[in-house]
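Chain by chain, the residues run as shown.
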Amino acid sequence: MIQQASLLFILLSSLIFPASAAENSAITWREWSPQVFSDAKASGKHIILNVEAVWCHWCHVMDQKTYSDPQVGAAVDKDFIAIKVDHDAHPEIAARYRAWGWPATIFYNSDGVEIVKRAGYIPPESMTALLNAIVRDPSPENTGSLIAVTTQRSALIPADKANLIAMHKRSYDAEYGSLAIAMKFIDPDSVEYALLEGMNGDESELARANKTLTAALKLEDPEWSGFYQYSTHGDWDHPHFEKIMRSQTRSIRLYAQAYAATKNPEYKGAAERTVAYLNRFLKAPDGGFYTSQDADLIQGQKSAKYFALKDQQRIALGIPRVDTHRYTKENATLISALARLYSATGDTEIKAQAISIGEWLLANRQRSAGGFNHGSSDSNNRDDAKLFLADNISALAAFIDLYEISADRQWLQYAKASGDVIREKIASPDVVGLPAASIGAQDPLAPYVDLEENIQATRAINTLFHYSGREIDKVLAEKSMAYISSSEVIASRFTEAGILLADAELNRDPLHLVVVGSKSDVKAQKLFSAALATSYQSYRRIEWWDRSEGELINHDVEYPTLDKAAAFVCNDKRCSTPIYKANEIQEVIALIEGT
């Protein structure tokens, strides 16, 4: 008990409020808003945007060295208006500039036109020279422009599909696993695609998935668990030590899915240990989860020696600071990850935790006018100025997953409501795909469409269509697919297996498992648990029809009246005969799917 109380005290003392991160800056920072751009236009000043991450080592260094430098401060004050954005706090800005990494430095002219972009740390003398150069000649560099989609489709054309498959194969690092790039991390879509192809008989793809997942275990903190974000130098031995929720949820979900497919106990252990890390360090005492834990114990000082220590040695020195914001996206993606882990393991504590986070989101992030606030405030009495696609599509996916693991129809209703909000308040007839945020008349920049978010939207909303039976959901999924399936978008990528996954799902029915029987029937309960556990597929529809609750929301198959509980497996071609034994479900799935 004393040890737990001590840890709680240290955690509380490590909490970070990112808005004050630049308190020693020589620059007066402003928040992102249309007013800043109006002021720039009125004054003729340029704009400098610093996009940071509160957990990022080089962001700390840039604050301490560059933005605290008097010469830099004077140059900015004379000719620029300065904006600082925490990328976790603003998903649209994060999506727009993610390719530039953190810190990202973006310059606009007084008309709000991008003129220069820079990635990573910029020393003071280089920053001063850059600021002066922009004042002398503010002509825009070739910083890239928004992709113009010329032809809208709801499916990949054969040439693009073949190109994506070839890109996937070329992108693999056969020596180290993962992608053949300098940064090593788990790319979720390429691993998921390889796993599914492998389980369908492609041994080389299964080997790719297993090699990547096994190698990536080197990113797991050996003392506290949880996954570091990535490693540099083209191998897995040079980690950057920040632990962000994005990395944790991806790891839980992928290792749980891989365990369901391969029964490799190492994968199950990795997922479970990551949950334990989150519960120890990032779980808020009054509900929901925090966003990240810093890479540095002392901000701006590298911490490799610290992370080489044992648990109690670390505790004695302190704990890297925690960003205590509880954002919708991060909590919703954790729900989905926990749901997948519960499906694979049957651990009822995991299920209860997923449901608890869902209830917390509804109580603390749901807007009065529908949809979900991002989480800059814990007050549900106000609506944020912007609805972000990342928050609302993650909430939609989470509610589908909660319906899947609980068979509680309220969660499917919440998913439908989330789909309605995205269609009515975020989607625009003037934009191909779904924009990263709701569009306002005063927005200083043109709407931005993010590929990753639209892949997620296509897959989640299409799954919602099969659960809801609503044609409007199918149309919305096709809208996001129109962007991700465009030849122009595909040509801009190094690899993007998520487009292949979305295309395959949008153009066929999911594997459909239904248990028919009373929810109080022990045999029906065992069948439902087996349906969840034996189906490793990403694209699935699992339901429990208790006749006392009335027909399923999308009651598209008629099931016979039987004298005992039974399961049925269907795909877009056929349905099975009744299955009465839980241990027979996997065999029937293989017969139905032809694997």
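Our structure's up above, just so we're on the same page.
Quick notes on the rules
Residues numbered from 1 in each chain as written. Predicted model: local features only at pLDDT ≥ 70, side-chain atom pairs only at ≥ 80, totals over all residues. Heavy atoms only, no water. Helix = DSSP H or I, 4+ residues; strand = E, 2+ residues; numbered from the N terminus. Rg over C-alpha atoms; globule rule 2.2 N^0.38 Å. Buried < 20%, exposed > 50% of the residue type's maximum accessible area, 1.4 Å probe, protein only. Pairing = 2+ DSSP bridges. Axes fitted to C-alpha atoms, helices over the stretch in contact; angles between N-to-C directions. Contact = heavy atoms within 4.5 Å. Core = buried A, V, L, I, M, F, W, Y, C linked by side-chain atoms within 4.5 Å. Expected span 1.5 Å × (residues − 1). Polar contact = N/O pair within 3.5 Å; in protein donor to acceptor, adjacent residues only side chain to side chain. Salt bridge = Lys/Arg side-chain N within 4 Å of Asp/Glu carboxyl O.

(A) Representation of the overall build of the chain within the structure. When its secondary structure is counted, the chain shows 23 helices and 14 strands. At 24 Å, the chain has a C-alpha radius of gyration in line with the 25 Å of a compact globule built from 595 residues. A principal-axis box enclosing the C-alpha atoms of the chain has dimensions of 80 × 60 × 50 Å. Across the 595 residues in the chain, those meeting the buried criterion constitute 58%.

(B) A look at the sheet that holds strand 14 (residues 566–570). Spatially, the three strands line up as an open sheet ordered 13-12-14, and their pairing is mixed. The two strands at the open ends of the sheet, each matched to only one other strand, are strand 13 (540–545) and strand 14. Averaged over all pairs of adjacent strands, the angle between strand axes in this sheet comes to 15°, irrespective of strand direction. In terms of strand pairing, strand 12 (residues 511–516) meets strand 14 through five bridges, oriented antiparallel. Bridge pairing in strand 14 places valine 514 opposite phenylalanine 568. Across the sheet, helix 23 (residues 585–593) lies against strand 12 and strand 14, angled at about 25° from strand 14, the strand it touches most.

(C) Highlighting the nonpolar core. Within the largest apolar cluster, 134 residues are counted, with the highest numbers of intra-cluster contacts made by Tyr255 and Ile585. Counting residues per element, this core draws most heavily on helix 16 (residues 389–406), which supplies 11 residues. The contact partners of isoleucine 585, leaving out residues within four places of it in the chain, are Leu513, Leu527, Ala530, Ala531, Thr534, Ala567 and Ile579. Within the second largest apolar cluster, 24 residues are counted, among which are Ala40, Ala53, Trp102 and Ile244.

(D) Main features of helix 11 (residues 265–281). Under the 1.5 Å per step criterion, the end-to-end length of helix 11 is 24 Å for 17 residues, consistent within 8% with the ideal 24 Å. Looking at helix 11, one finds that the buried residues are Tyr267, Gly269, Ala270, Ala271, Thr274, Val275, Tyr277, Leu278 and Phe281. The backbone nitrogen of glutamate 266 lies 2.9 Å from a side-chain oxygen of the residue at the head of helix 11, namely asparagine 264.

(E) The arrangement of the sheet that holds strand 2 (residues 29–30) in detail. With mixed pairing, the five strands of this open sheet are ordered in space as 2-4-3-5-6. Sheet topology places strand 2 and strand 6 (114–119) at the edges, where each strand pairs with a single neighbour. Relative to strand 5 (residues 104–108), strand 3 (residues 46–52) is paired through five bridges, and the arrangement is antiparallel. Bridging from a neighbouring strand, isoleucine 48 pairs with phenylalanine 107 of strand 5.

(F) Region of the structure containing the environment of threonine 274. Relative to the assigned elements, threonine 274 resides in helix 11. Residue class for threonine 274 comes out buried when judged on its relative accessible area of 0%. Considered as a pair, threonine 274 and isoleucine 106 are 168 residues apart in the sequence and their alpha carbons are 35 Å apart. What threonine 274 contacts, discounting residues up to four positions off in sequence, is Gly226, Phe227, Gln248 and Ile252.

(G) Fine view of helix 22 (residues 522–534). Its 13 residues give helix 22 an end-to-end C-alpha distance of 18 Å, which sits within 8% of 18 Å, the value for a rise of 1.5 Å per residue. Looking only at helix 22, the buried set comprises Ala524, Leu527, Phe528, Ala530, Ala531, Leu532, Ala533 and Thr534. Of the residues flanking the start of helix 22, the one acting as N-cap is aspartate 521, its side-chain oxygen 2.8 Å from the backbone nitrogen of lysine 523.

(H) Just the pattern of salt bridges, in detail. Taken as a whole and judged by the stated rule, the model has 35 salt bridges. The shortest N-O distance in the salt bridge between arginine 30 and aspartate 39 comes to 2.8 Å. The partly exposed category is assigned to arginine 30, whose relative accessible area is 32%. The class of aspartate 39 is partly exposed, set by a relative accessible area of 25%. With its nearest N and O atoms 2.8 Å apart, the salt bridge here joins glutamate 404 to arginine 540. In this pair, glutamate 404 is assigned in helix 16 and arginine 540 in strand 13, connecting sequence segments 136 residues apart.

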